[in-house]
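# Summary of the model geometry
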Amino acid sequence: MRMLLGLLFLLALTGDSRATYCLCRDGVAEKDLQTSIDYACGALGDCNQIHEKGPCYQPNNVKGHCDWAVNSYFQRAGQVPGSCNFSGTATTSPNPPSTVVTGCIYPSSPGNAGTGAPGTPTFPGPPAFGPTGGFDPSGNDALSLITSIALTLGFSVIVFL
């Protein structure tokens, strides 16, 4: 019985491997997008890729740079629910932006978000600006919460049997 529960637990861990990106919304004012870039790059995001001569510098516009910055923040924050809101300027997507140029690789999970420079801070918790959005029970937040609960319960059953 313990072996069966262990296999089910491992299957649950590997079952959901969808990519999730955080992207800036279309139609948002450039000033608001720039505020999101400034927060994401200053708090946790790795924005070296969007500096001039960086592989993700193109397209050289505020929306393109905002997409990179908020996605970097979101991935490095571990895709924590609410960490892709940025006061309503960003949202999650199963696809990377359509404007990505050759050589620019968007992280799609916390595991491939990179570790950044030594001394990079860990997730700072609820920010003053940035991801202040609430929990969306109809979207990916609910699925993440349910998956987390199921995995926690499954692991607890295995440990205590």
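Within every chain, residues take consecutive numbers counted from 1 along the sequence as written. The predicted origin of the model limits local features to residues at a pLDDT of at least 70 and limits the giving and counting of side-chain atom pairs to 80 or more, whereas totals for whole chains, interfaces and linings rest on all residues. Excluded from the side-chain calculation are hydrogens and water; included are all heavy atoms of the structure.

- Under the annotation held in an unreviewed UniProt entry, the protein carries the name X8 domain-containing protein and is attributed to Brassica campestris.
- What UniProt records for the protein under Subcellular location (unreviewed entry) is the sentence "Cell membrane". UniProt positions are given in the numbering used here, feature names are shortened, and annotations may be inferred rather than shown by experiment.

### Section: the state of the cysteines
- The criterion for a disulfide is a pair of cysteine sulfur atoms lying within 2.5 Å. Under the counting rule described, the total for this entry stands at four disulfides.
- At a sulfur-sulfur separation of 1.9 Å, the disulfide partner of Cys24 is Cys66. One disulfide, between Cys24 and Cys66, carries an S-S torsion of -65° and so falls in the left-handed class. With Cys24 in strand β1 (residues 21-24) and Cys66 in helix α3 (residues 62-76), this residue pair connects regions lying 42 residues apart in the sequence.
- Categorising residues by exposure relies on relative accessible area from a 1.4 Å probe, with only protein chains included: less than 20% of the type maximum marks a residue as buried, more than 50% marks it as exposed, and the intermediate range marks it as partly exposed. The class for Cys66 is buried, based on a relative accessible area of 0%.
- Two residues, Cys56 and Cys104, share a disulfide whose sulfurs are 1.9 Å apart. A torsion of 105° about the S-S bond marks the disulfide between Cys56 and Cys104 as right-handed. You can see Cys56 sitting in the loop between α2 (30-43) and α3 and its partner Cys104 sitting in the loop between β2 (90-93) and α4 (140-160), a full 48 residues away along the chain.
- Of the residues examined, Cys104 reaches a relative accessible area of 8% and is grouped as buried. Only DSSP runs of H or I covering at least 4 residues are called helices, and only runs of E covering at least 2 are called strands; the numbering of each starts at the N terminus.

### Notes on empty space enclosed by the protein
- Space inside and on the surface of the protein is sampled on a 1 Å grid over the protein atoms alone, with a cavity defined as a set of points where a 1.4 Å probe fits but cannot get out and a pocket as an open set with protein on both sides within 12 Å along at least 5 of 7 lines; lining residues have an atom within 4 Å of a point. Grid points are joined across faces, edges and corners, and a volume is the space filled by probe spheres set on the points. Enumeration over the complete set of coordinates arrives at one cavity of 30 Å³ or more.
- In this model, the largest cavity occupies a volume close to 60 Å³.
- Contributing to the lining of the largest cavity are 13 residues, with Cys56, Gln58, Pro59, Gly64 and Tyr106 lying nearest its centre.
- Under the convention adopted here, Pro, Cys and the residues Ala, Val, Leu, Ile, Met, Phe, Trp and Tyr are nonpolar, Asp, Glu, Lys and Arg are charged, and Gly plus all remaining residues are polar. The residue inventory of the lining of the largest cavity, partitioned by class, reads nine nonpolar, three polar and one charged.

### Observations regarding the packing of aromatic side chains
- A pair of Phe, Tyr and Trp rings is counted when the ring centres sit within 6.5 Å of each other, with Trp represented by its six-membered ring. The angle between the planes then sorts it: under 30 degrees is stacked, over 60 is edge-to-face, the rest tilted. One pass over the structure, following the stated rule, counts four aromatic pairs.
- Measuring from centroid to centroid gives 5.6 Å for Tyr39 and Tyr73, while their planes differ by 50°, and the two rings are tilted. Of the two residues, Tyr39 sits in helix α2 while Tyr73 sits in helix α3, which places them 34 residues apart along the sequence. Judged on exposure class, the residue Tyr39 and its partner Tyr73 are both buried.
- Ring plane angle 75° and centroid distance 5.1 Å describe the contact between Trp68 and Tyr106, whose orientation is recorded as edge-to-face.

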